[in-house]
Amino acid sequence: MPRGVSQGSVVPCQLCGYTQPSFLHVASVLYKKRKGKDEKKAVMVNPKGIKEKSHVVNIWKNMTVQELADAIKRDLDTLFEIFIYVEDSEEYDRPDAAIDNLKVIQNAVKRAGLRFRLASPPDKIEMTKESKDAFRRPPPDESELVRRPPVVTIMGHVDHGKTTLLDALRHSAIVDTEFGGITQHIGAFSVRLDSGEKVTFLDTPGHAAFREMRARGATVTDIVVLVVAADDGVMEQTKESIHHALEANVSIVVAINKIDKPGANVAQTRDMLLQHGLQLEDHGGDIQAVPISALKGQNLNLLVEAIVTQAELLNLCADPRGLVEAVVVESRLDLGRGKVATCIIQRGTLSKGAVLVAGTAWCKVRNLFDDAGQPVKAAPPATPVQVIGWKELPAAGDLVLEVESERCASEVVEWRRKEETKEKQEQQQEAIQEKLNEHLAVYKAQLEEKRRLGIR
């Protein structure tokens, strides 16, 4: 038997050509060569033709077109060609245009053959330790503004026909559902007038107990419709409403209501308004006054025309893009839907999933409803909307700001609570110091009196 082989099965050997019953070679020359250090470190690139995973791109809401092009590593021309096949991307035609529609960003990344991952903006300025609060955005460029409906607040004395007027304008019957016929909350309604104009109305309470609500209604409005009964004239809450409107520096349109009643005196009502600082057009001023009957529907077209004319003179515009800014009109706990806040959108477009901060409360918008209780997908500027998803109820009158994430909202709320606690402690310290100074003043006076009398 040749050296280096062992007996095995009868198979011809292809290495040595030995024709006897086959043998198995055990020579070291036939062993597999051991890999060296360099061979072990070498990386085999796709040896079996396995398809590599596409690159993952970080995206975020409101990223600009240029930022998206940099993220997918394409030039602007290539990105604009991709936009041709992406729905709702026509308006993003500038490198600095902020893409507020996240679906457009996602579809553009997919068209580029890449995958995406939601992330925070890389160039986001980190909130400093001194302040973690959220603030309004800088004023928008005039080229980004679009026309918006006016926000009209109806104010006046109790039982002067404010809600009846609103019913007549929107062809409803709210007054029948209110306890005692008295409005006890701020109602926010979006109304399509017979003229075709869309107007947002706020119906504020006229009872003396709801003074703060009337003050809030005056601060979020563009036009105040002051309802004055022709038979009663200017009353206590009428004076208060005039004060709120003048203090808020908003336009006023006077509706002299109940002219169908036997004791109505329109001329006397005009004179009373003049005595309280309202210069009507009849007296050489610029405030329109329209005599109406909300119950009978008399002269309502003239009132609507006055409101629309005033809105056109104001040239009301807003920025519908970017982070949302709004104001809380009222908030309540609904048994079926939880914590609900009625908001008037002032800037941006509110949609489901947005994260909002208002005072020391925050929410991730779970659902949006209009004044009729119907769900809506988005709320543009000057739209009243009911927001559901609050962790805590915000206070009426609070400024609502959209933030980047839930984590950011938590940080803002925590910082505001600490600031409130710090402010309360400072106020308490000031009160304690004031009491101490009073005590020292009394003690020094008593001590001086004892010394004067020679008492030790």
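Residues numbered from 1 in each chain as written. Predicted model: local features only at pLDDT ≥ 70, side-chain atom pairs only at ≥ 80, totals over all residues. Heavy atoms only, no water.

Trainee: Report on the nonpolar core, specifying residues and quantitative values.
Mentor: Counting 26 residues, the largest nonpolar core has Leu-165, Phe-201, Val-225 and Leu-303 as its most contacted members. When contributions to this core are tallied by element, the ones reaching two or more residues are strand S8 (151-156), helix H5 (162-170), strand S9 (187-192), strand S10 (198-203), strand S11 (223-229), strand S12 (251-257) and helix H9 (300-314). Each residue touching Leu-303, except ones within four places of it in the same chain, is listed here: Leu-165, Val-253, Ala-255, Val-290 and Ile-292. Within the second largest apolar cluster, 22 residues are counted, among which are Met-63, Ala-69, Val-86 and Leu-114. (Core = buried A, V, L, I, M, F, W, Y, C linked by side-chain atoms within 4.5 Å. Buried < 20%, exposed > 50% of the residue type's maximum accessible area, 1.4 Å probe, protein only. Helix = DSSP H or I, 4+ residues; strand = E, 2+ residues; numbered from the N terminus. Contact = heavy atoms within 4.5 Å.)

Trainee: Go over the environment of Leu-401 with me, naming the residues and quoting the values.
Mentor: For Leu-401, the position within the fold is in strand S22 (residues 399-403). Leu-401 sits in the buried class, given a relative accessible area of 4%. In this structure the C-alpha to C-alpha distance between Leu-401 and Arg-136, which are 265 residues apart in sequence, comes to 7.2 Å. Those residues in contact with Leu-401, other than ones at most four positions away along the chain, are Ala-134, Phe-135, Arg-136, Val-324, Glu-325, Val-355, Leu-356, Val-357 and Arg-416.

Trainee: Lay out the sheet that holds strand S19 (residues 361-369) in plain terms, naming residues and giving numbers.
Mentor: As summarised here, the arrangement of the six strands in space is S15-S16-S21-S19-S18-S22, forming a closed barrel in which the pairing is antiparallel. Neighbour-to-neighbour, the strand axes of the sheet open up by a mean angle of 45 degrees, direction not taken into account. Sheet topology places strand S18 (residues 355-358) next to S22; four bridges connect them, and they run antiparallel. Paired with Val-355 across the bridge in S22 is Val-403. (Pairing = 2+ DSSP bridges. Axes fitted to C-alpha atoms, helices over the stretch in contact; angles between N-to-C directions.)

Trainee: Tell me about the pairing of S18, and name the residues and values.
Mentor: On S18, burial covers both faces: Val-355 and Val-357 on one face and Leu-356 and Ala-358 on the other are all buried. As defined by bridge partners, S18 adjoins S19 across four bridges and the pair is classed as antiparallel. Bridged to Ala-358 within S19 is Ala-361. Hairpin geometry of S18 and S19 is characterised by an intervening segment of two residues between the two adjacent antiparallel strands and by a positive phi of about 65 degrees at Gly-359.

Trainee: Let's hear about the pattern of salt bridges: which residues, and what values?
Mentor: The final tally for this structure, using the stated rule, is 16 salt bridges. A salt bridge links Lys-61 to Glu-402, with the nearest nitrogen and oxygen atoms 3.8 Å apart. Highlighted residues: Lys-61 in the loop between strand S3 (56-59) and strand S4 (63-64) and Glu-402 in strand S22, separated in sequence by 341 residues. When its relative accessible area of 30% is taken as the criterion, Lys-61 is described as partly exposed. For Glu-402, a relative accessible area of 9% translates into the label buried. Arg-347 is paired through a salt bridge with Asp-319; the nearest N and O atoms lie 3.5 Å apart. In this pair, Arg-347 is assigned in strand S16 (residues 338-347) and Asp-319 in the loop between strand S14 (317-318) and strand S15 (325-334), connecting sequence segments 28 residues apart. With respect to class, Arg-347 is no different from Asp-319; both count as buried. One salt-bridge network, in which partners are shared between bridges, spans Arg-136, Arg-137, Asp-319, Glu-325 and Arg-347. (Salt bridge = Lys/Arg side-chain N within 4 Å of Asp/Glu carboxyl O.)

Trainee: Just give me the short version of the confidence of the model for the chain, but keep the residues and values in it.
Mentor: Note: predicted coordinates in regions of low pLDDT should not be interpreted at a detailed level. Mean pLDDT over the chain: 80, with 79% of residues reaching 70 or higher. In this model, residues 124-129 is a region of pLDDT below 50 whose contacts with residues beyond four sequence positions or in other chains number six contacts. The model gives residues 206-210 a pLDDT under 50, and that stretch makes 15 contacts with residues more than four places away or in other chains. (pLDDT = per-residue confidence, 0-100.)

Trainee: Can you tell me about a negative patch on the surface, naming the residues and giving the values?
Mentor: A surface patch of like charges, here negative, comprises Glu-419, Glu-420, Glu-423, Glu-426, Glu-430, Glu-434 and Glu-438. Structurally, Glu-430 is set in helix H10 (residues 406-453). (Patch = residues over 30% accessible without salt bridge, like charges linked within 9 Å, V, L, I, M, F, W, Y side chains within 5 Å. Areas by Shrake-Rupley, 256 points an atom, 1.4 Å probe, with all protein chains shown as cover. Lys, Arg positive; Asp, Glu negative; His and termini not counted. Charge placed at Lys NZ, Arg CZ, Asp CG, Glu CD.)

Trainee: Could you give an account of the UniProt feature "coiled-coil region" (unreviewed entry) in the chain, naming the residues involved and the relevant values?
Mentor: When the UniProt feature table is mapped to this numbering, "coiled-coil region" (unreviewed entry) covers residues 415-453. For the annotated span residues 415-453, helix accounts for 100% and strand for 0% of the residues, and the straight-line distance between the end C-alpha atoms is 57 Å. (UniProt positions renumbered as here; feature names shortened; annotations may be inferred.)

Trainee: Explain the side chain of Arg-416 to me, and be specific about the residues and the numbers.
Mentor: By the secondary structure assignment, Arg-416 is in helix H10. For Arg-416, a relative accessible area of 15% puts it in the buried group. Reaching out from Arg-416, the side chain makes a polar contact with the side chain of Asp-133 at a distance of 2.6 Å. In this structure, Arg-416 is in contact with Asp-133, Ala-134, Val-357, Ala-358, Gly-359, Thr-360 and Leu-401, ignoring residues within four places of it in sequence. (Polar contact = N/O pair within 3.5 Å; in protein donor to acceptor, adjacent residues only side chain to side chain.)

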